[in-house]
Amino acid sequence: MEARRQAALREWEALEHGAVPVVYVGAGTCGRAAGALEVREAARRTLERIGVPARIVEVGCIGPCYLEPLLDVRVPGQPRVSYGNVTPALAARILESYLVRHDPLPQLAVGHFGDGSGAPGQAIDGIPRFFDLPMLRPQVRLVLRNCGFIDPENLDHYLARDGYRGLERALEVGPEAVIAEVREAGVRGRGGAGFPTYRKWELCRAAPGEPKYVICNVSEGDPGAFMNRSLIEGDPHCVLEGLLIAGFAIGASHGYVYINADYRLAIARLRKAAQDMEACGLLGRNILGRGFDFDLTIKEGAGAFVCGEETAQIGSIEGRRGMPRSRPPFPAQAGLFGKPTIINNVETLGSLPNILRNGAAWYKGFGVQGNSGTKTFSLVGAVRRPGLIEVPLGIRLREIIESIGGGSWKPFKAVQTGGPSGGCLSGEFLDTPVEYEKMTAAGSIMGSGGMIVIDEDTCVVDLALYFLRFTQSESCGKCSPCRVGTWHMVNILERIVAGRGEPEDLALLQHLAETVARASLCGLGQTAPNPVLTTLRYFRDEYLAHVRDRTCPAGVCKELVEYRIDPARCNGCRQCVPICPTDAIHGARSEPHAIDPLRCIQCRACYEVCRHDPLAADAVVLGPRRSAR
Amino acid sequence: MSDDLATVSVVIDNTRYAVPRGATVLEAARAQGIYIPTLCAHESLTPYGGCRMCIVEVDGFRNFPTACTTPVAEGMVVRTDTAQLQAMRIDILQLLMSEHTSSCLVCGEKDECRRYSTTIRKVGITTGCRFCAKDGQCEFQEVAERLGVRTIDYPVHYRGMRVEDEDPFYDRDHNLCILCGRCVRVCQEVRVADVLGFKYRGRRAVVGPAFERTHVEAGCEFCGACVAVCPTGALAEKARKWEGKPDREVHTTCPYCGVGCRMRLRVREDRMIGTLPDADPAGGEGQLCVRGRFCVSEVVNEPRRLRRPSRGAGSIAAEITWDEAIARAAERLAACAPGTFRMLVSPCLTNEDLYVAQKFARVALGTNDIDCTARTAYGSGFPAYLDLLRGGATLADVRRASAILCVGLDTRFGRSVVGVELRRAARQGRKVVTLHARPHNLTRIAERWLRPAPGGELALLRDLLAAVASPGTGGASPAGDVAAAAAILRGAEAPAILLGSELLPYDRSAELLQTLADLARRLGARIVPLPAQNNLRGTLEMGAYAGLLPGGAAVADAAARSRLERLWGVPPPAAVSGWNAGNPAAGARGVLYLVGETLPPELRATSDHVIYQNIYPLPFSRPADLALPAAAFTEVDGSCIHADGRVLRVRPAVAPPAEALPDWEILCRVARRMGKSGFEFADAAAVRAEIARVVEGFPAGGESDAPRPYRGAGAVSVPPAAAPAAEAGPRPFVLTAAALEHVHRGFPLTTWVEGAERLFPAGVAALHPRDAAAAGLSEGDEIAVEAPDLRGVWRVRIDPEQPAGALHVTLRHGERLSRNPCRVEVRKCHV
């Protein structure tokens, strides 16, 4: 193993500091969707054309979605420079300029990766250090440390960056010491509930029954969440190393990765990683010569949201329909095939190699007392800089949204954490530290990492309806409160957004939400009402506007609002007339225009153009619906 | 603290109880008489925790655990009836009601209108909202009443889903389904059938076979287990949907095959309204197949039942009184010259009927000319089959076997209880090998399917024997399968061989059974015969054959005869009769007495006078001279003997229709009228008492759970093998024929049970699509098949699984082929 690692280090050295230029393309699924493969192809053709023998390395996602696709170039003797929003034409221009004319085009560059990642570094040629960018500055990258740096399909890259040192240490110190280390580090489940990881492990280790199983939960189903997918695509070995460590700690001899079948790239990378591990003795019998046997199965799930729930996931792996069952017995006592089983989230497992390698004390240096370490989030929604981020626990929501995310485009309204199971927090909670207990106290949850920022253009009633429709259609149908209760809630919300709600509906909604939360079988049903409960609590005015005033302040609920032109303000610029898809706007130039409410489909195009066009006078206004449809 | 290991001490509603360790909170509470409402829980199924009605409060638990899924633990403190729990339960129940047709649950008028709901009126007034067949027997209704729910606080939405009624025997109304999952669990856990599952998610979640198949297509056996556990009206039996709640239940034995399932007859106002499985101490844990579950009431409630004696035939038939009928029969029989009386009995009769019937022949008529249709059904293999009964194997042997060879067995519609055993065995990792020429329901679980060419069963079995005897040789094709099957069987512990009746009508069945016996000897396996007749063993032990005396002794056995003489006061005849029903030409013409049997055409032709005693009239085309109405098995006291020797009771549940009488009683009346003594039985128990004196091991109480190997010494003669007929003319098809299994008292069940016709149609010939196309035949066409000794018309069923060039038919009752398989010619019938 050591020989292999030395060879890997040599190869890594050649890549990072060798005499051959290297072109890095961030080609996770997200990068690919933004056109990374076309960029890679353009880079390949350009290199051929200019005759520079450079290497092209595909790396995972480094985080800033708003800069996708990212192309990095390292020329010998210079730090790696990153370029964002690259098109194939731009890629050709950058490469030609940098590699042939030695001009890095600083005006196009996003940042450089010089002098490590410690103190603020120097700008080079006016290019700031990548990690000094406002989005990256507050972040602490522990789990994601390799993402964007290594070729995820190359085991040597991982080994060169101290990969599998955590496993080596674990095998050296023995299972009890591993559990003790994890307890000391204060690792809590990153799937969202925050249960102390060591407690599950101890229960499972002590439970009678052989074989034991460990499952890596990659059933990432929240709308808008992609942390786990990105981590696996960018650094599959770190998750698998964590899986081996967990398996070793609890005495498991078989591991499963339960992953959504539509995560094609992540699955391919996991398979490749498993193949490489097997080839060098990191899977199978007598791993690293320490007498530890471990096999791995990658199980593709069909993507039901409820299969993220432990017992449903176990059922799905067993070949049954993914439906949760009651606890006790807990999976740690009787799980997969009736044997003691641990299910850990991807990120929980991904942080284990770091902890084992660097020790609990190091890990506790991040985060706060009782909430140690870091957490990844998918920061999305109405935020200027969406992306995959990793922050130390205890950070304020404000810092995430404003510093990292750059704030919302329009005035901030709320942030939804934890996806459909989480809550919608209003501006007064922006100073809440991101900690398990504090998030729960605010009515939301930490969740697995979805974080959706909402600005004034979103109606919270509509948002609650959106999430509830999701949980209702994903309810497995087993228990009646979840199956029927959420359906009634959806009906009530549909009534409200359609303008047929009554004030007493809010009490019924509240009552139903509480019943569903208390009486449902599994986490899906118990948390499904959270978006409704929190919005009812923090945005009651908006609900009242819907049921009492019959209007939607955000202008989203079409049945309740109407676009009108204020004749006193309209200057007759005609900017709105040609963009109206239904020809609903009429009026002569320089005369006040009018919107025909019968033709208007409320697409909002005129409203936006009237707000933002320099010629326009901000005359299109939203108001409660007056005309019947 | 509790002081022993078997119990734990828990506090339920402030009272401390010692409850069995491992019990659930629900079980513990129920044992103490504490009511916790449940809908999805069922005592024979695993806990589910879906309906959430049984939520309780347990100290130290987050949320509200369900009592049905939570095991008790030492020191647990449970509260089952707090105000909060009650409020939540009512909430949950109302949620369920909001998507369930609920007038039967909450209508304020329901108590009033129910009194009038069965009134028949022609005027347009409301006589009750009869939405649901389960009204009054619905657990949902019961829970709603106990919780006192009279209103629904949520908007009620009728789902308006289509009622699935395309399958026979039961309907599925999704609008009444509360998704408690009982039917799914019973199908998966108890029946090991996996036909039902949940489909879709969220509000669209429903129960049913996957991929939108019908139950028939999904391989459903129609055992009805799902219908029995359904707490609401979502699953309802088609035939007796509106029959209501039974007044009482009677425990009896199913009459339809040799598996001998115990069943409960459900009776309302002296009418059979259904059957349910009954726990069987000797095996099956309360299971039935489609025949026992759904085909009983229709068979016995059939309006065409014989109700009064009648004489004459065709248009001159006339109902007569019993006195006249008995007098006519006695007169005709008393006038019989020696050798001109013949009796044919059914193997569906009870021991009491069979015993009295043979005594009637031997004492009243002084002849051994009695025969049973079972013998002709088995053909030349009958003696070998009887030897299997001597082996004393029982179904318990199947449970012990690590490998099971099934020969000619299909368990979908008959013997499905055995199929459950086999599926359970396969699930436990025990190996099943099946030998069957056609697709059948064991292929899904079988490790190997040995599929002989038409008529190649014997050769294949011999190959298997050879492969078992000398490993390494696979014999002829399919060699790999034979070798693999042989390896499975050789390596097995206590292997068992299950013998169905598919292969028994083959003309070489004697050799086939011999090979099977050799194979069993070689493997150390036990052969478990699964006869199609429910009282085959009874026909032997009661002596319902020409050469057999009651108790199984040969007629030629002088000692046995003298023992009977001491009991009967008359010596049984010594002459071994030459007559048998399989060879109607033998014996002189005279009176034919049919007991529980129909009249085969060739016997009609060779009889001067036919006395017909059965529960249904004969078809118009084959009239009897005197018809005597008999009581069906639901109407008589009696017993039958399982193939393994257990004696099973048959108990009366309802009165026979009109003037019908038990078979034994009719025979006794005729005999007494003839002036014969020895027929003065007061009731069936008196007959049993006499049987117990004659038949060794027969319990006077008519019930015993001890298996007894068959020990009868007498032999049963078999019809001589027919000479190979000349293969005249071009006969392009190979015909294979199987016996019709679903027969009761000489009639196919499909005659009386509508749904059965859909599942196991009688009179169907299976043909490969290519052959059908070549002959210009399409599905449902009628074809005439001509074999040397068989002419018949069958309906075409095109079956891609049927080998090309081969035709498979199911023989009708009484039909036999002396050469099976044989080459035949096929002609399309033009209507």
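Placed above this text is the structure.
Residues numbered from 1 in each chain as written. Chains lettered and ligands numbered in written order. Predicted model: local features only at pLDDT ≥ 70, side-chain atom pairs only at ≥ 80, totals over all residues. Heavy atoms only, no water.

### Thoughts on the interface of chain A and chain B
Between chain A and chain B, the contact holds 29 residues from the first and 32 residues from the second. Taken over both partners, the interface formed by chain A and chain B buries close to 2,700 Å², and the fraction arising from carbon and sulfur atoms is 57%. Per-residue buried area on chain A facing chain B is highest for Arg483, Trp487 and Arg518 of chain A; these three make up 22% of the total on that side. The shortest N-O distance in the salt bridge between Glu474 of chain A and Arg201 of chain B comes to 3.4 Å. On inspection of chain A and its partner chain B, the count reaches 16 residue pairs in polar contact (both at pLDDT 80 or more). Here the element with the most residues in the side of chain A that touches chain B is helix 18 (residues 480-497) of chain A; it accounts for seven residues. In terms of residue class, the side of chain A that touches chain B is built from twelve nonpolar, twelve polar and five charged. (Contact = heavy atoms within 4.5 Å. Buried area = accessible area lost by both parts, 1.4 Å probe. Salt bridge = Lys/Arg side-chain N within 4 Å of Asp/Glu carboxyl O. Polar contact = N/O pair within 3.5 Å; in protein donor to acceptor, adjacent residues only side chain to side chain. Helix = DSSP H or I, 4+ residues; strand = E, 2+ residues; numbered from the N terminus. Nonpolar A, V, L, I, M, F, W, Y, C, P; charged D, E, K, R; others polar.)

### Description of the sheet that holds strand 9 (residues 248-253) of chain B
Backbone hydrogen bonds are what pair the strands of a sheet, in a parallel or an antiparallel way. All names here are of chain B. With antiparallel pairing, three strands are arranged side by side in an open sheet as 9-10-11. The open sheet is flanked by strand 9 and strand 11 (271-277), the only strands paired with a single partner. In this sheet, neighbouring strand axes are inclined to one another by 30° on average, regardless of whether the strands run parallel or antiparallel. As paired elements, strand 10 (residues 262-268) and strand 11 share six bridges and run antiparallel to each other. The partner of Arg264 across the bridge, within strand 11, is Leu276. (Pairing = 2+ DSSP bridges. Axes fitted to C-alpha atoms, helices over the stretch in contact; angles between N-to-C directions.)

### A few points about the environment of Val650 of chain B
Residue and element names in this part refer to chain B. Note on placement: Val650 falls in strand 25 (residues 647-650). Judged by its relative accessible area of 5%, Val650 is buried. Along the backbone, Val650 and Ala689 are 39 residues apart, and their C-alpha atoms lie at a distance of 16 Å. The contacts of Val650, once residues within four sequence positions are left out, are Thr252, Thr253, Phe633, Val636, Asp637, Gly638, Ser639 and Cys640. (Buried < 20%, exposed > 50% of the residue type's maximum accessible area, 1.4 Å probe, protein only.)

### A look at the packing of aromatic side chains
Per the counting criterion, the structure on display carries 34 aromatic pairs over all chains. In this structure an aromatic cluster arises from ring pairing among Phe113, Phe130, Phe131 and Phe149 of chain A. The ring of Tyr198 of chain A carries Arg183 of chain A above its face, with NZ or CZ at 5.7 Å from the centroid. The ring of Trp487 of chain A carries the charged tip of Arg203 of chain B above its face, separated from the ring centre by 3.4 Å. (Phe/Tyr/Trp six-rings, centres within 6.5 Å; stacked < 30°, edge-to-face > 60°. Lys NZ or Arg CZ within 6 Å of the ring centre and 35° of its normal.)

### Details of the pattern of salt bridges
Residue and element names in this part refer to chain A. Scanning the entire structure with this criterion turns up 99 salt bridges over all chains. Across the pair Glu562 and Arg564 runs a salt bridge, and its minimum N-O distance is 3.0 Å. One connected set of salt bridges, linked through shared partners, spans Glu2, Arg5, Asp162, Arg165 and Glu168.

### A few points about helix 8 (residues 197-206) of chain A
Residues and elements named next belong to chain A. Of the positions making up helix 8, those classed as buried are Thr197, Tyr198, Lys200, Trp201 and Cys204. Projection of helix 8 onto a plane perpendicular to its axis shows the buried side chains occupying an angular sector of 155°, all on one side. Considering only its buried residues, helix 8 is in contact with helix 7 (175-185), strand 6 (212-218), helix 10 (236-250), helix 12 (310-318), strand 10 (341-345) and helix 13 (346-358). (Arc of directions from axis to C-beta.)

### Things to note about the side chain of Arg483 of chain A
Tracing the chain through its elements places Arg483 of chain A in helix 18. Residue Arg483 of chain A is classed as buried on the basis of its relative accessible area of 1%. Reaching out from Arg483 of chain A, the side chain makes a polar contact with the side chain of Glu99 of chain B at a distance of 3.0 Å. Apart from the residues lying within four places of it in its own chain, the contact partners of Arg483 of chain A are Gln472, Ser475, Gly477 and Lys478 of chain A together with Leu96, Glu99, Ile178, Leu179 and Gly202 of chain B.

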